Amino acid sequence: MTTPVIARRWTNWGGNQQAHATDILTPGTVDEVVSQVKEASDSGRRIKAVGSGHSFTAIAVATDQRLFLHRLAGLVSVDAPLVTVQAGMPLHVLNAVLAEHGLAMPNLGDIDQQTVAGAISTGTHGTGAEHSTLASCVEAVTLVTGTGEVLEVGKDDPIFPAARLGLGALGILVEVTLRCVDAFTLLADERPMALADVLAGLDEWIPANDHVEFYWYPYTDRAQLKINNKVPAHDKPLSRFRGWMDDEFLSNTVFGAVCRLGKAVPGVVPTASAVAARALTARTYTERSDRVFCTPRRVHFTEMEYEIPRAALPEVIGALPRVIESLPFKVQFPVEVRFTGPDDIWLSHGYGRESAYVAVHQFTGVDYEPYFRAVEAVCQPLGGRPHWGKLHYRSAEDLRPVYEKFDDFVAVRDRIDPARVFSNEYLDRVLG
């Protein structure tokens, strides 16, 4: 497990959020969390729990008291298929623990460095029409409220739809119970294609496969389609050399060098994107599920991701080339597109509808705001919902209409954190 650097000065993984906290809290027990919250509440101070720093928004920015959960990161119990862990456990540790017990998460995103608390609280998701956010796997949570009360919230509790994906606004999560599945193997099928062919095939592929996503390479008409399906046997392993070549050398070492070159000489970016798109080769292999879902990301970036109704995807993809060509700088990263099914979690991006997610990125240190604002301007009128942990420029005023249960969530917040012990500027903006 990675232990955070305990310093008052903090920077997130993407490098775009910084903060200086007055005090650092590192509780090792739930009682210590309770004591620290009560003290903050009594003195009018604020506490912000911080995970691994993988959010690009200011959701984890703490300027008063910053609380780390790395000492609350152990396994509590296994009663298959239910697994209870302390909320500070990183996802990559969770995946290893589950594998030891013959279990797995039914779906994951493509990064496994977030804590369990951070991942479920911001709406982290993977892809798959039968799946939604990781919060949909939550069966119960234990949290410390703004008054220092310890609440055990299960499926029959009226605040359960709020507590599963709470933005860190309702309390400090200390334990999470997840509904897992038997460990399984995925067959990964990755192939380069023309973007037009990918778009034409989605209506067929999405319902026919477990997990479908694609990447579009700006300045080209090329894309990479990725389809993952559960299979009974791990009989097509990727060679160690091919895995290293694709996932470490090309995707991290070479791509990082290309990004640094593009940052220094922006004019080479369109050519580099075209070369990368044409250099893609197909590969098919089997592997343990979490090792297919999650890939190493050593090239740092900033990101915005928008959920839109799935039917609106062609309009958004059609607008992106015009958006990118109009920018005063170049876009170095592919655009990632994923798909999920509906859920009933109040502040889930996928609440009540079939969703497409469009994620746009820029290399750390490169201008991004005009790009992200332009993409937001395309998605917002279509009913788009921004990912809570990815950059966006929305506020409570224009978020309320796209979340049917927005005011219900705020009412829960008013009840269990009336003094706003857990708030910060970001939560003030998006929740009011």
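Use the structure listed above.
Residues numbered from 1 in each chain as written. Predicted model: local features only at pLDDT ≥ 70, side-chain atom pairs only at ≥ 80, totals over all residues. Heavy atoms only, no water.

Draft legend 1. Spatial organisation of the overall build of the protein chain. Check the secondary structure of the protein chain and you find 13 helices and 20 strands. For 432 residues, the compact-globule formula gives about 22 Å, and the C-alpha radius of gyration of the protein chain, at 21 Å, lands near that figure. Referenced to the eigenvectors of the C-alpha coordinate spread, the extents of the protein chain come out at roughly 60 × 50 × 40 Å. Split into buried and exposed, the 432 residues of the protein chain put 56% on the buried side. Relative to all contacts within the protein chain whose residues are 6 or more apart in sequence, the contacts with residues 24 or more apart total 74%. About 17,400 Å² of surface is accessible on the protein chain, with carbon and sulfur atoms providing 51% of the total. (Helix = DSSP H or I, 4+ residues; strand = E, 2+ residues; numbered from the N terminus. Rg over C-alpha atoms; globule rule 2.2 N^0.38 Å. Buried < 20%, exposed > 50% of the residue type's maximum accessible area, 1.4 Å probe, protein only. Contact = heavy atoms within 4.5 Å. Areas by Shrake-Rupley, 256 points an atom, 1.4 Å probe, with all protein chains shown as cover.)

Draft legend 2. The arrangement of unusual backbone geometry in detail. The residue after Ala80, namely Pro81, is reached through a cis peptide bond having omega 10 degrees. Relative to the helices and strands, Pro81 resides in the loop between strand 6 (75-79) and strand 7 (82-86). Unlike most non-glycine residues, Leu167 shows phi in positive territory, near 60 degrees. The backbone of Arg420 sits at a positive phi, close to 60 degrees, despite the residue not being glycine. Position of Arg420 among the secondary structure elements: in the loop between helix 12 (406-416) and helix 13 (425-431).

Draft legend 3. Geometry of helix 5 (residues 195-208). Its 14 residues place the ends of helix 5 19 Å apart at the C-alpha level, agreeing with the 20 Å of an ideal helix rising 1.5 Å per residue. Within helix 5, the axis deviates most sharply at Leu202, by approximately 55 degrees. On its buried side, helix 5 packs onto strand 13 (185-194), strand 14 (211-216), strand 15 (222-231), helix 9 (313-325) and strand 18 (335-340). (Expected span 1.5 Å × (residues − 1). Bend = angle between axes of the 7 residues up to and from the residue.)

Draft legend 4. Highlighting the sheet that holds strand 7. A sheet is described by the order of its strands in space; here five strands give the open sequence 6-7-11-9-10, paired in antiparallel fashion. Because the sheet does not close on itself, it has two edges, and the strands there are strand 6 and strand 10 (150-154). On average, each strand axis in the sheet is inclined to that of its neighbour by 10 degrees, with strand direction left out of account. When strand 6 meets strand 7, the two strands line up antiparallel, connected through four bridges. When the sheet's bridge partners are listed, Ser77 is paired in strand 7 with Thr84. (Pairing = 2+ DSSP bridges. Axes fitted to C-alpha atoms, helices over the stretch in contact; angles between N-to-C directions.)

Draft legend 5. Main features of the sheet that holds strand 3 (residues 23-25). Within the open sheet, the three strands sit side by side as 3-5-4. Their pairing is parallel. Of all the strands in the sheet, just strand 3 and strand 4 (47-50) have a single pairing partner and so form its edges. Here the strands of the sheet are splayed against their neighbours by 30 degrees on average, with no regard to which way each runs. As judged from the three bridges shared by strand 3 and strand 5 (residues 65-68), these two strands associate in the parallel manner.

Draft legend 6. Summary view of the packing of helix 9 against helix 10 (residues 369-379). Packing of helix 9 against helix 10 leaves a shortest axis separation of 10 Å and a crossing angle of 150 degrees. Here helix 9 is positioned roughly antiparallel relative to helix 10, judged by the angle of their axes. Where helix 9 crosses over helix 10, the handedness of that crossing is right-handed. Counting all contacts with helix 9, which are made through Val316, Ala319, Leu320, Val323 and Ile324, the residues of helix 10 involved are Tyr371, Ala374, Val375, Val378 and Cys379. Per-class residue counts for the contact of helix 9 with helix 10 are 10 nonpolar, no polar and no charged. (Parallel < 35°, antiparallel > 145°, perpendicular 65-115°, else oblique. Left-handed = near helix turned anticlockwise from the far one by under 90°. Nonpolar A, V, L, I, M, F, W, Y, C, P; charged D, E, K, R; others polar.)

Draft legend 7. Seen up close, the nonpolar core. Ranked by internal contacts, the top residues of the largest apolar core, which has 69 residues, are Leu94, Met105, Leu347, Trp388 and Leu431. The element contributing the most residues to this core is helix 12, with five residues. Beyond its immediate sequence surroundings of up to four residues, Met105 is in contact with Leu94, Asn95, Leu98, Leu134, Cys137, Leu178, Cys180, Val181 and Phe184. Counting residues in each nonpolar core, the second largest holds 46 residues, with Phe56, Leu195, Leu225 and Ile324 among its members. (Core = buried A, V, L, I, M, F, W, Y, C linked by side-chain atoms within 4.5 Å.)

Draft legend 8. Region of interest: the pattern of salt bridges. Counting across every chain of the model gives 27 salt bridges. We note a salt bridge from Arg45 to Asp23, for which the minimum N-O separation is 2.7 Å. Of this pair, Arg45 sits in the loop between helix 1 (30-43) and strand 4 while Asp23 sits in strand 3; the two residues are 22 residues apart in sequence, bridging distant segments of the chain. Judged by its relative accessible area of 26%, Arg45 falls in the partly exposed class. Lys236 serves as the salt-bridge partner of Asp235, at 3.8 Å between the closest nitrogen and oxygen. It is possible to trace a salt-bridge network through shared partners that takes in Glu190, Arg242, Asp246, Asp247 and Arg283. (Salt bridge = Lys/Arg side-chain N within 4 Å of Asp/Glu carboxyl O.)

Draft legend 9. How the structure looks around the environment of Met193. Its place among the elements puts Met193 in strand 13. Along the chain, Met193 and Thr281 lie 88 residues apart, while their C-alpha atoms are 9.9 Å from each other.

Draft legend 10. Representation of helix 6 (residues 240-264) within the structure. Spanning 25 residues, helix 6 covers 33 Å between terminal C-alpha atoms, matching the ideal 36 Å at 1.5 Å per step. Along helix 6, the sharpest change in direction is near 40 degrees and occurs at Phe249. Within helix 6, burial applies to Gly243, Asp246, Asn252, Gly256, Cys259 and Gly262. Residues of helix 6 that are buried sit in contact with helix 7 (269-279), strand 16 (283-288) and strand 19 (355-363).

Draft legend 11. Just the environment of Val138, in detail. The residue Val138 is located in strand 9 (residues 138-144) in this model. Its relative accessible area of 0% is what places Val138 among the buried residues. Through-space distance from the C-alpha of Val138 to that of Gly154 is 9.1 Å; in sequence the pair is 16 residues apart. Apart from the residues within four sequence positions on either side, Val138 is in contact with Ile120, Phe160, Arg164, Val176, Thr177 and Leu178.

Draft legend 12. Representation of the side chain of Asp290 within the structure. If you trace the backbone, Asp290 turns up in helix 8 (residues 289-293). Assessed through its relative accessible area of 11%, Asp290 is described here as buried. Apart from residues lying up to four places away in sequence, Asp290 is in contact with Asn95 and Leu108.

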